[in-house]
Amino acid sequence: MPPLSAEDRLRRVLAIVPWVAAHDGPTIAEVCTRFAVSEKELLADLELLWMCGLHPYTPDMLIEVEIADGRVWIRYAEYFRRPLRLTPAEGLALVAAGQTLLATPGADPEGPLARGLAKVAKALGIDDPDALDIDLGAAEEATLATLRRAVDEHRAVDVSYYSFGRDEWTDRVVEPHAVFNAAGQWYMSGRCRRVDDDRLFRVDRIRSAALTGETFTPPKEAPDLAVFSPRDDDPRIVLDLAPEAAWVIGQYPVESVEERGDGTTRVRLAVSETPWLERLLLRLGPHATLVEGDVDAACRAARRVLARYGR
C-alpha cells in the first residue's frame, strides 16, 4: 500500500485525537482496530501531538499524550477548555460559512445548523434575515443531485455540455471526481472520456445529466479544484489595460501584473480557447491594447459581429 499523503494523514490524526480523548485511555489495540492503522503508524501519529499547541508553547498550551501499559491518553491543553470567544469579524465569517451550507440545494432550512446560526446571528445583532444573502450560483437541483450521486457511487455520467470557450454543445461521458462551489458557481471536476483527460465543467452549462451503468476507480490523489488550470502549451497574451478595464485582474487568473507609469496595467494571461479571447477583446473594446498575442483573433471577432448586424 502506498504511503498516505500529508493531507490524508492529517485527517486521520484529527479523527484519532477526539476519539481517544473521549474514551479516557483506550488500549492501543482498540485504537488501531478503530482506525485501521498499525501500531507503528499510530505511535508515529501520536508523536506529532507532542509539538501541537499554541504560542508561546508553554506546558499549558500544548496537547499532552500519555502512553503506559498498552493504553493511551490524550489530554487537551488548558487553552482548549476555555469557552470559545469570537471577534465580531470571526462571528460574521462563521455565519456566512454556515449560510453557504444552508444555501446548498437539499439543505434543511429549519435544521440544527439553521437554529445554531440564528443564535450566533442574534448575538452579533443581525436581526434581519435578509441582512446576509448567500448566492451560490445557478444550477438545477436535479442535476446537482445526479452529479453528487455519481461522485458518491463512482459511476460515470452522460452529460450534454455547452463549451463556452468553443461556443458549442457536446455529448460526453465523464467520470466525476468532485462537485463543488467556487467564485459563485457550481463545478464538476472529472475525467472526460471524450478527450481522455481531466476537465472542469460548470454545472449551469450542463443541459442534461444521466447516470450510466458503468463504474470507475476514483483517483488516489485528491482532485485539483482550481477553477482554471492553464496548460503549459496554451498560448499567452499580453494586454495593456486602461483603468476602465481593471476588472480583468479580478475576474480572470492573470499570470503577471505590472503597473505602468501612464496609468495602464500590463497583464499576461493564458488562452485555452480562441473564442474566449475573441469575446474578451470585444468586451474590452478601446480600453485594452494587445501587446503580444494573436492580433488576428480580434479581427476575426470584429468581422463576425459586423456580419451579425448586417454591415
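Placed above this text is the structure.
Summarised in this report is the structure supplied together with it. Computed from a predicted model, the values in this text were never measured in an experiment.

## As for helix H4 (residues 88–102)
Part 1 of the argument: Here H4 is 15 residues long and its end C-alpha atoms lie 21 Å apart, about the 21 Å a rise of 1.5 Å per residue gives.
Part 2 of the argument: Of the positions making up H4, those classed as buried are Gly91, Val95, Gly98 and Leu102. Within H4, the buried residues cover an arc of 65° as seen down the axis, which keeps them to one side.
Part 3 of the argument: Buried residues in H4 make contact with helix H5 (112–124).

## Regarding the sheet that holds strand S8 (residues 236–241)
Part 1 of the argument: Pairing is antiparallel across the open sheet formed by four strands, whose spatial order is S9-S10-S8-S11. Either end of the sheet is taken by a strand with one partner, and the two such strands are strand S9 (256–259) and strand S11 (288–292). When the angles between neighbouring strand axes are averaged without regard to direction, this sheet yields 25°.
Part 2 of the argument: Sheet topology places S9 next to strand S10 (residues 265–270); four bridges connect them, and they run antiparallel. Looking at S10, one finds that Val257 is bridged to Val267.
Part 3 of the argument: Contacts from helix H8 (residues 274–284) reach S8, S10 and S11, with the element oriented near 5° to S8.

## Quick notes on the packing of aromatic side chains
Given two aromatic rings, one states the distance between the centres and the angle between the planes to describe the pair.
Part 1 of the argument: Overall, the coordinates contain four aromatic pairs when judged by the stated rule.
Part 2 of the argument: Ring geometry for Tyr161 and Phe201: centres 5.0 Å apart, planes at 90°, overall edge-to-face. Pair noted here: Tyr161 is in strand S3 (residues 155–163) and Phe201 is in strand S6 (residues 197–202), with a separation of 40 residues, a long-range link.
Part 3 of the argument: Taking 5.8 Å as the distance between ring centres and 25° as the angle between the ring planes, the aromatic pair formed by Phe180 and Tyr187 counts as stacked. Comparing Phe180 with Tyr187, the two get one shared label, buried.
Part 4 of the argument: Sitting over the ring of Phe35, Arg34 keeps its end group 5.0 Å from the ring centre.

## Description of the side chain of Thr170
Part 1 of the argument: Tracing the chain through its elements places Thr170 in strand S4 (residues 168–182).
Part 2 of the argument: A residue is classified by how much of its surface remains accessible, and Thr170, at 6% relative accessible area, is buried.
Part 3 of the argument: Here Arg172 takes part through its side chain, which lies 2.7 Å from a polar atom of the side chain of Thr170.
Part 4 of the argument: Ignoring sequence-local partners within four residues, the contact set of Thr170 consists of Val159, Ser160, Tyr161 and Arg194.

## Side note on helix H1 (residues 6–23)
Since there are 3.6 residues in each turn of an α-helix, residues three or four apart along the chain are aligned in direction.
Part 1 of the argument: With 18 residues, H1 extends 26 Å between its outermost C-alpha atoms, agreeing within 8% with the 26 Å of an ideal straight helix rising 1.5 Å per residue.
Part 2 of the argument: Three or more residues of H1 are buried, namely Arg12, Val13, Ile16, Val17, Trp19 and Val20.
Part 3 of the argument: Downstream of H1 by a residue or two, Asp24 has a phi angle that is positive, lying close to 50°.

## Remarks on the nonpolar core
Part 1 of the argument: In terms of nonpolar packing, the biggest core is built from 17 residues, with Val20, Val31, Leu42, Leu46, Leu49 and Ile74 touching the most fellow members.
Part 2 of the argument: Elements with a minimum of two residues in this core: H1, helix H2 (28–35), helix H3 (39–49) and strand S2 (71–75).
Part 3 of the argument: Top contributing element to this core by residue count: H1, with five residues.

## Observations concerning the sheet that holds strand S7 (residues 206–215)
Part 1 of the argument: A sheet is described by the order of its strands in space; here five strands give the open sequence S6-S5-S4-S3-S7, paired in antiparallel fashion. A strand with exactly one partner marks an edge of an open sheet, and here the two such strands are S6 and S7. Within this sheet the neighbouring strands show an average axis-to-axis angle of 45°, counted without direction.
Part 2 of the argument: The sheet strands contacting helix H6 (residues 141–153) are S3, S4, strand S5 (185–192) and S7, and the helix crosses S7 at an angle near 25°.

The rules behind these values
- Per chain, residues are indexed from 1 in the order of the written sequence.
- Totals for whole chains, interfaces and linings use all residues, but because this is a predicted model, local features are given only for residues with pLDDT of at least 70 and pairs of side-chain atoms are given and counted only at 80 or more.
- To get the side-chain values, all heavy atoms of the structure are used, and hydrogens and water are removed first.
- Secondary structure is summarised from DSSP: a helix means a run of H or I of at least four residues, a strand means a run of E of at least two, and numbering begins at the N terminus for each.
- An expected span of 1.5 Å times one less than the residue number is assigned to each helix.
- Exposure classes here rest on a 1.4 Å probe applied to the protein chains alone. A residue is buried below 20% of its type maximum, exposed above 50%, and partly exposed in between.
- In this context, the arc is that of the directions from the helix axis out to the C-beta atoms.
- Only heavy atoms enter the contact rule, under which two residues are in contact if any of them lie within 4.5 Å.
- Note: two strands are recorded as paired if DSSP finds a minimum of 2 bridges between them.
- In this description, a line fitted to the C-alpha atoms serves as the axis of each element, helices being fitted only across the stretch in contact, and the angle between N-to-C directions of two axes falls anywhere from 0 to 180 degrees.
- Stacked, tilted and edge-to-face pairs are distinguished by plane angle, under 30 degrees for stacked and over 60 for edge-to-face with tilted covering the rest, among Phe, Tyr and Trp rings (Trp via its six-membered ring) whose centres lie within 6.5 Å.
- By definition, being over a ring means that NZ of Lys or CZ of Arg is both within 6 Å of the ring centre and within 35 degrees of the ring normal.
- Here a polar contact means two N or O atoms within 3.5 Å. Within protein one must be a hydrogen donor candidate and the other an acceptor candidate, and residues neighboring in sequence count only if both atoms are side-chain atoms.
- Side-chain atoms within 4.5 Å are what join buried Ala, Val, Leu, Ile, Met, Phe, Trp, Tyr and Cys residues into a set we call a nonpolar core.

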